[in-house]
Amino acid sequence: MRADRLVATLLLMQARGRVTAAELARELEVSVATARRDLEALSAAGVPVYPQAGRGGGWSLLGGARTDLSGFTAHEARALFLLAGPAAAVAPEVRSALRKLLRALPQTFRADAEAAAGAVVIDPARWGERDRERPELVELLQNATVRRRKVRLGYEGRARQRTTRLVEPWGLVDKDDVWYLVAGTERGQRTFRVDRIAAADVTEEPFEPPAGFELSQAWERVVEEVEQRRSLTSATVLIAARLLPILRDHFGRHCDAGEAAEDGRVRVRVAAPTALSIAEQLAGWGDRVEVVEPDAVKAELARIGAELVRRYGAQWPAGPPL
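Attention here is on the structure that accompanies the text.

A few words now on the sheet that holds strand β8 (residues 197–206). Each strand in a sheet pairs with another by means of backbone hydrogen bonds, the pair being arranged parallel or else antiparallel. Read across the sheet, five strands follow the order β7-β6-β5-β4-β8 without closing on themselves; strand pairing throughout is antiparallel. Edge positions in the open sheet fall to β7 (188–193) and β8, since each of these has one partner strand only. Each neighbouring strand pair of the sheet contributes to a mean axis angle of 45 degrees, computed without reference to strand direction. Pairing of strand β6 (residues 178–185) with β7, which is carried by six bridges, proceeds in the antiparallel orientation. Note on β7: the bridge partner recorded for L181 is F192. Sheet strands touched by helix α7 (residues 137–147): β4 (149–156), β5 (162–175), β6 and β8. Its angle to β8, the strand with the most contacts, is close to 20 degrees.

Here it is in structure tokens:
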């Protein structure tokens, strides 16, 4: 797009001080005539660029004028490329933007920035999992958010009942490779899982986000509410200290270690939505975990154990082979 080229042209001039149309054409992979027209367009638009004829001439920024990248430091450039580099592998637009930005950086910054761009690979899939595909509607919803246009959603809730809603897309969140839309509705702020959106039509009806709205703060409140619902029931268990990291991996933030018991095991508080949820996560631990309380979790574990004995106990009356 021409707008991209104009920005890249301005950044190159800032980094090098003076460029010729031929140099610009080579860097941006366009014809010399196109590069010259872009330079003339910048001048006509009021950007302080001017040509200097003769040997050693070219186009320069008048008086050393600079763009908003004037405060860029080497550490900031490296941090930006470390962050954006992994996204360039799957997003051609990011790759193109980084390439242009790299060319515009001062020469002394480029080697570190280029190395940083390829220093990190993000693999969001857990071991044994398939890669999750990014929902097709993400890009459409991103554009609607940036353009501030209302969207008519066909949404399937948990009960798989489809409803139609007109929403204001305030922002998108990617959490553990699951996308969510934070939006304004007639009933206030709501959160929608993008993979449950069956249809989305962007309207030409504009909107303005609430005054002072910040997506990061809004999402923090959503996370807090969800985690509260995920920890309505708690249990106290005893477990060997060496197994505590594994238990923490199972229960996440809802696993709080306390003091050591007399036998050396650690007293731990775990939480989940229901007693059954806790029992289901602990059942596979066998006698490596002892539930101290509540009785509701013990009862669920006993029920699960009895079901397993009924299903498989007859196969090994004297006990399973070791």
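Another aspect to go through is the packing of aromatic side chains. The full count for this structure, using the stated rule, is three aromatic pairs. Relative to F213, the ring of W170 has its centre 5.1 Å away and its plane inclined at 55 degrees; by these criteria the two rings are tilted. With W170 in strand β5 and F213 in the loop between β8 and α8 (215–229), this residue pair connects regions lying 43 residues apart in the sequence. W170 gets classed as buried once you look at its relative accessible area, which sits at 14%. You can call F213 partly exposed: its relative accessible area is 22%.

Close approach of charged atoms allows side chains with opposite charge to pair. According to the stated counting rule, one finds 13 salt bridges in the structure shown. Across the pair E204 and R147 runs a salt bridge, and its minimum N-O distance is 3.4 Å. One end of the pair, E204, is in strand β8; the other, R147, is in helix α7, with 57 residues separating them in the sequence. Exposure remark for E204: the relative accessible area of 57% places this residue in the exposed category.

Another point: the nonpolar core. V237, L247, V268, V270 and L282 are the most contacted members of the largest nonpolar core, which totals 19 residues. Those elements that place two or more of their residues in this core are β9 (233–239), α9 (244–251), β11 (266–272), α10 (275–282) and β12 (289–293). If you look at the next biggest cluster of nonpolar residues, it comprises 16 residues, including V151, L153, L172 and I197.

Before going further, it helps to spend a moment on the sheet that holds strand β2 (residues 49–52). The three strands lie next to each other as β1-β3-β2, forming an open sheet whose pairing is antiparallel. Pairing within the sheet leaves two strands with one partner each, and these edge strands are β1 (18–19) and β2. In this structure, β1 lies alongside strand β3 (residues 58–61), joined through two bridges in antiparallel fashion. By the bridge assignment for β3, V19 is matched with W59.

The rules behind the values
- Throughout this document, residue positions are counted from 1 along each chain, in the order its sequence is written.
- With the structure being a predicted model, the display of local features is reserved for residues of pLDDT at least 70 and the display and counting of side-chain atom pairs for 80 or more, all residues being used for whole-chain, interface and lining totals.
- Computation of side-chain values covers all heavy atoms of the structure but excludes hydrogens and water.
- The pairing criterion for strands is at least two bridges between them, as found by DSSP.
- Here a strand is any run of E in DSSP of at least two residues, a helix any run of H or I of at least four, and the numbering for each starts at the N terminus.
- Axis lines are fitted through C-alpha atoms, for helices just across the contact stretch, and the angle between N-to-C directions can take any value from 0 to 180 degrees.
- By definition in these notes, contact holds between two residues if any of their heavy atoms fall within 4.5 Å.
- To pair, rings of Phe, Tyr and Trp, with the six-membered ring standing in for Trp, must have centres within 6.5 Å; the planes then decide the type, stacked if under 30 degrees apart, edge-to-face if over 60, and tilted in the middle.
- Here's how the labels work: a residue is buried when its accessible area is under 20% of the maximum for its type, exposed when over 50%, partly exposed in between, all with a 1.4 Å probe on protein chains only.
- Any Lys or Arg side-chain nitrogen found within 4 Å of a carboxyl oxygen on Asp or Glu counts as a salt bridge.
- What we call a nonpolar core is a set of buried Ala, Val, Leu, Ile, Met, Phe, Trp, Tyr and Cys residues that are connected through their side-chain atoms within 4.5 Å.

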